[in-house]
Amino acid sequence: MIPQRPNNPMNRQRIHLLINLALFQLVWFACIFGGNLAAVLMTPLLLGWHLRQLKPREWPLLLLFTGGGALLDSLLLASGQLRLAGASTDWWPHWLLPYWLLLLWLAFATTLLHSLAWLMQRPLVASLAAAVFAPLSYWSGAQLSGASISPAGLAIIALQWTLLIALTSRIIARMSWFSHKPAL
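What counts and what doesn't
Residues numbered from 1 in each chain as written. Predicted model: local features only at pLDDT ≥ 70, side-chain atom pairs only at ≥ 80, totals over all residues. Heavy atoms only, no water. Helix = DSSP H or I, 4+ residues; strand = E, 2+ residues; numbered from the N terminus. Buried < 20%, exposed > 50% of the residue type's maximum accessible area, 1.4 Å probe, protein only. Contact = heavy atoms within 4.5 Å. Areas by Shrake-Rupley, 256 points an atom, 1.4 Å probe, with all protein chains shown as cover. Core = buried A, V, L, I, M, F, W, Y, C linked by side-chain atoms within 4.5 Å. Lys, Arg positive; Asp, Glu negative; His and termini not counted. Salt bridge = Lys/Arg side-chain N within 4 Å of Asp/Glu carboxyl O. Polar contact = N/O pair within 3.5 Å; in protein donor to acceptor, adjacent residues only side chain to side chain. Phe/Tyr/Trp six-rings, centres within 6.5 Å; stacked < 30°, edge-to-face > 60°. Expected span 1.5 Å × (residues − 1). Bend = angle between axes of the 7 residues up to and from the residue. pLDDT = per-residue confidence, 0-100.

Asker: Quick question: what am I supposed to make of the overall build of the chain here?
Answerer: Helix and strand content of the chain: 6 helices and 2 strands. Along the chain, helices (α) and strands (β) appear in the sequence α-α-β-α-α-α-β-α when read from the amino end. Looking at the chain as a whole, 43% of its 184 residues are labelled buried. Considering only residue pairs separated by 6 or more positions, the chain has 73% of its internal contacts joining residues 24 or more positions apart. Summing over all exposed atoms, the chain offers an accessible surface of approximately 10700 Å²; the carbon and sulfur share of this is 69%.

Asker: Looking at this model, I keep getting lost on the nonpolar core. Mind explaining?
Answerer: By size, the foremost hydrophobic cluster in this structure holds 47 residues, and its most contacted members are Phe65, Trp100, Leu104, Leu112, Tyr138 and Trp161. Broken down by secondary-structure element, the contributors of at least two residues to this core are helix H1 (9-51), helix H2 (58-79), helix H3 (99-109), helix H4 (117-120), helix H5 (123-145) and helix H6 (151-174). Looking at this core, the element that brings in the most residues is H1, giving 10 residues. Excluding anything up to four places from it in sequence, tryptophan 100 contacts Cys31, Ile32, Gly35, Asn36, Ala39 and Leu84.

Asker: What's the story with the side chain of glutamate 58 in this structure? I'm lost.
Answerer: One can find glutamate 58 in helix H2. The side chain of glutamate 58 sits in the buried core without any salt bridge; lysine 55 is the nearest counter-charge, 6.6 Å away. Within the structure, the side chain of glutamate 58 is placed 2.8 Å from the backbone nitrogen of lysine 55, a separation counted as a polar contact.

Asker: Can you help me understand the packing of aromatic side chains in this one?
Answerer: Here the distance between the centres and the angle between the planes together describe a pair of aromatic rings. Here the structure, examined in full by the defined rule, presents 8 aromatic pairs. Aromatic side chains tryptophan 28 and phenylalanine 29 sit 5.0 Å apart centroid to centroid with 85 degrees between the ring planes, which places their arrangement in the edge-to-face category. Overall, the relative accessible area of 10% leaves tryptophan 28 in the buried class. When the centroid spacing of 6.2 Å and the interplanar angle of 70 degrees are considered together, the rings of phenylalanine 65 and tryptophan 161 count as edge-to-face.

Asker: Looking at this structure, how should I read H2?
Answerer: For an α-helix the count is 3.6 residues per turn, leaving residues at separations of three or four pointing the same way. For H2, built from 22 residues, the straight-helix expectation of 32 Å at 1.5 Å per residue is met to within 8% by its first-to-last C-alpha distance of 32 Å. Within the sequence span of H2, burial applies to Glu58, Leu61, Leu62, Phe65, Thr66, Gly69, Ala70, Leu72, Asp73, Ser74, Leu76 and Leu77. Glycine 80, located one to two residues past H2, shows a positive phi value of around 85 degrees.

Asker: Looking at this structure, how should I read H5?
Answerer: Between the first and last C-alpha of H5 there are 31 Å, a value that for 23 residues agrees with the 33 Å anticipated at 1.5 Å per step. Of all bends in H5, the biggest is about 30 degrees, found at alanine 130. Within H5 the residues assigned to the buried category are Ala126, Ser127, Ala129, Ala130, Ala134, Pro135, Tyr138, Gly141 and Ala142. With its phi angle positive at about 85 degrees, glycine 146 sits one or two positions after the end of H5.

Asker: What's the story with unusual backbone geometry in this structure? I'm lost.
Answerer: Negative phi is the rule for most residues except glycine; trans is the rule for most peptide bonds. Not every positive phi belongs to a glycine, and arginine 57 is a case in point at roughly 60 degrees. Topologically, arginine 57 is positioned in the loop between H1 and H2.

Asker: What's the story with the confidence of the model for the chain in this structure? I'm lost.
Answerer: Parts of the model with low pLDDT should not have their predicted coordinates read in detail. For the chain, per-residue confidence averages 88 on the pLDDT scale, and 86% of positions sit at 70 or higher. Averaged over each element, pLDDT in the chain is lowest for H1 (90) and highest for H5 (96). pLDDT under 50 marks residues 180-184. Its contacts with residues more than four places away, or in other chains, come to 8 contacts.

Asker: Would you mind showing me how to read the side chain of threonine 43 here?
Answerer: As for its position among the elements, threonine 43 is in helix H1. The buried category is assigned to threonine 43, whose relative accessible area is 1%. Only 2.8 Å separates the side chain of threonine 43 from the backbone oxygen of alanine 39, close enough to count as a polar contact. In this structure threonine 43 touches Val27 and Leu103, once residues within four positions along its chain are discounted.

So this is what it looks like as structure tokens:
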């Protein structure tokens, strides 16, 4: 018989990281397929769980990252590099971020000190990963939702995310959220 250790802190930590990642992915799909209503329904599920995992002084990071991301996407929308399906109406300007996209930024921010903590401790690797995977995520989301993004928009996203993640990893390091610093 194999002894079970349900109270092992390492097992709990891994489970928490997997839950963080899974809930973010759930919110991502909800936002892409369901827009504002799905985002308003699903994001509180992630945030409710995240409140129990919150690290000291994490709220400022969540708000700063969400605000920075919202600004970057607003610039993409205003420049026409990114066009969201059904986003332009008589009462909602095309350049103003819809709720679901703002909530998606907040949802992603919850991964920075949790399921992506291993990556954020390596600023160079994190920045390179952002340069590759952020445009891929935007492109995938556009394909699934009927949005459109120009090739120049994808290049801009790669640059924006590279800089945003580099800056965020520096902020995280200065705030001493991690007890050790890996080489890369």
